[in-house]
Amino acid sequence: MQEERRREEGQEIMNTKILKENNEKIVINLTNTNFETANSIRRSCINNVPTMAIEDVHILANNSALYDEILAHRLGMIPLTTDLKTYNKLEDCKCKSAGCARCTAEFVLEAKGPATVYSKDLVPTDPSIKPVFDEMPVVKLFENQEVRLTAKACLNNGTYHTKHSPCNAYYQFYPNIKVLKSKKALDDICPRKVFKNGAVDKDNLLNCNLCNACTDAFPDSVTVEPEENNILLTIESWGQLAPKTIYNTAITNLISDLDEFKKLLK
Ligand code: SF4
Ligand SMILES: [Zn+2]
């Protein structure tokens, strides 16, 4: 509805097109926009998309080489798979932040030495919330050493603590490359392998990071211009959420924050 109204009012609508996507990374082409908007989306991806992370650790036994605080901090930094449909943020939950099955996931960890304790040793009560990577070392235990603990994870944003941040996100302008005179030497000068046989290799065009090494070396043969209002946004997930989910949630949360800001201005 909002989009239709804006079209009727003659306002430009940002267009998006997915150029590359896999489980870890997405590259989105944003057109009819500007870098301020792209940067707001980027910041929203990093700071305004909640993920699960361990917040409370109850240590029952720990005679390892690590202090309780360091152990708890390490557990907090382990990325956990996140289910945004089932879990609420603690502050938004009906339990009024007391902690319940709708806002808190629990884990048990029990290990005896000699052994290395890995992230996979955290046993979840909800199988949908578990460490993204199995082999993250937590602590090394020697003979007669043990760790026993319970941990609670909750949903929160990167603004609260960076352990909740779901991704790295960055953008650049779309590269407009024109080869004026074909030159085989371009293949070797470009550190990102954008050229093949002296021409732009279309499959590698998006690798261009606008470094200008080619134009500095061969100013008469090639030009590279950043296309304004044509932006490549890259989102690299840490694994808690799919990259497309991060993008969609970031946009939804950004719009809702702007709506709230608008209401406060009235
Ligand atoms: S600007 Fe840099 S990355 Fe882009 S084509 Fe030229 S040398 Fe390659
Ligand atoms: Zn709750």
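The rules behind each value
Residues numbered from 1 in each chain as written. Chains lettered and ligands numbered in written order. Predicted model: local features only at pLDDT ≥ 70, side-chain atom pairs only at ≥ 80, totals over all residues. Heavy atoms only, no water. Helix = DSSP H or I, 4+ residues; strand = E, 2+ residues; numbered from the N terminus. Contact = heavy atoms within 4.5 Å. Polar contact = N/O pair within 3.5 Å; in protein donor to acceptor, adjacent residues only side chain to side chain. Donors = N, O, S within 2.8 Å, 3.2 Å for Na, K, Ca; no water. Tetrahedral: all angles 85-135°; square planar, octahedral: opposite > 155°, others 65-115°. Buried < 20%, exposed > 50% of the residue type's maximum accessible area, 1.4 Å probe, protein only. Near = heavy atom within 4 Å. Nonpolar A, V, L, I, M, F, W, Y, C, P; charged D, E, K, R; others polar. Axes fitted to C-alpha atoms, helices over the stretch in contact; angles between N-to-C directions. Parallel < 35°, antiparallel > 145°, perpendicular 65-115°, else oblique. Salt bridge = Lys/Arg side-chain N within 4 Å of Asp/Glu carboxyl O.

1. Re the environment of Gln 240
Stage number 1. With respect to the element layout, Gln 240 can be found in the loop between strand E12 (222–237) and helix H6 (243–265).
Stage number 2. Each C-alpha atom of the pair Gln 240 and Ser 165 lies 9.1 Å from the other, and the pair is 75 residues apart in sequence.
Stage number 3. Residues contacting Gln 240, with those up to four places away along its chain left out, are Thr 51, Pro 79, Leu 80, Thr 81, Thr 82, Val 132, Lys 163, Ser 165 and Pro 166.
Stage number 4. A distance of 3.2 Å separates the side chain of Gln 240 from the backbone oxygen of Ser 165, its partner in a polar contact.

2. Considering the coordination of the zinc ion (ligand 2)
Stage number 1. Donor atoms from the polypeptide that bind the zinc ion (ligand 2) are Cys 93 (SG), Cys 95 (SG), Cys 100 (SG) and Cys 103 (SG), placed at 2.2 to 2.4 Å.
Stage number 2. Here the zinc ion (ligand 2) is ringed by four donor atoms whose angles at the metal span 99 to 114 degrees, and the overall shape comes out tetrahedral.
Stage number 3. Counting gaps between the donor residues of the zinc ion (ligand 2) yields the pattern C-x1-C-x4-C-x2-C.
Stage number 4. By relative accessible area, which is 26% here, Cys 100 ends up partly exposed.

3. A look at the site of ligand 1
Stage number 1. In the vicinity of ligand 1 there are 13 residues, among which Cys 190, Cys 208, Cys 211, Asn 212 and Cys 214 approach most closely.
Stage number 2. A per-class count over the shell around ligand 1 returns 10 nonpolar, two polar and one charged.

4. Considering the packing of helix H2 (residues 35–47) against H6
Stage number 1. At a minimum axis separation of 8 Å, H2 and H6 run at an interaxial angle of 110 degrees. Accordingly, the angle class assigned to the pair H2 and H6 is roughly perpendicular. Along the contact surface, H2 presents Ser 40, Ile 41, Ser 44 and Cys 45, while H6 presents Ile 246, Tyr 247, Ala 250, Ile 251 and Leu 254.
Stage number 2. Here the residues of the contact of H2 with H6 sort into seven nonpolar, two polar and no charged.

5. Here we look at the pattern of salt bridges
Stage number 1. Taken as a whole and assessed by the stated rule, the structure comprises five salt bridges.
Stage number 2. When the shortest N-O distance is used, the salt bridge between Arg 148 and Glu 146 registers 3.4 Å.
Stage number 3. The class of Arg 148 is partly exposed, set by a relative accessible area of 32%.
Stage number 4. The salt bridge partner of Asp 187 is Lys 184, with a shortest N-O separation of 3.0 Å.
Stage number 5. A residue is classified by how much of its surface remains accessible, and Asp 187, at 9% relative accessible area, is buried.

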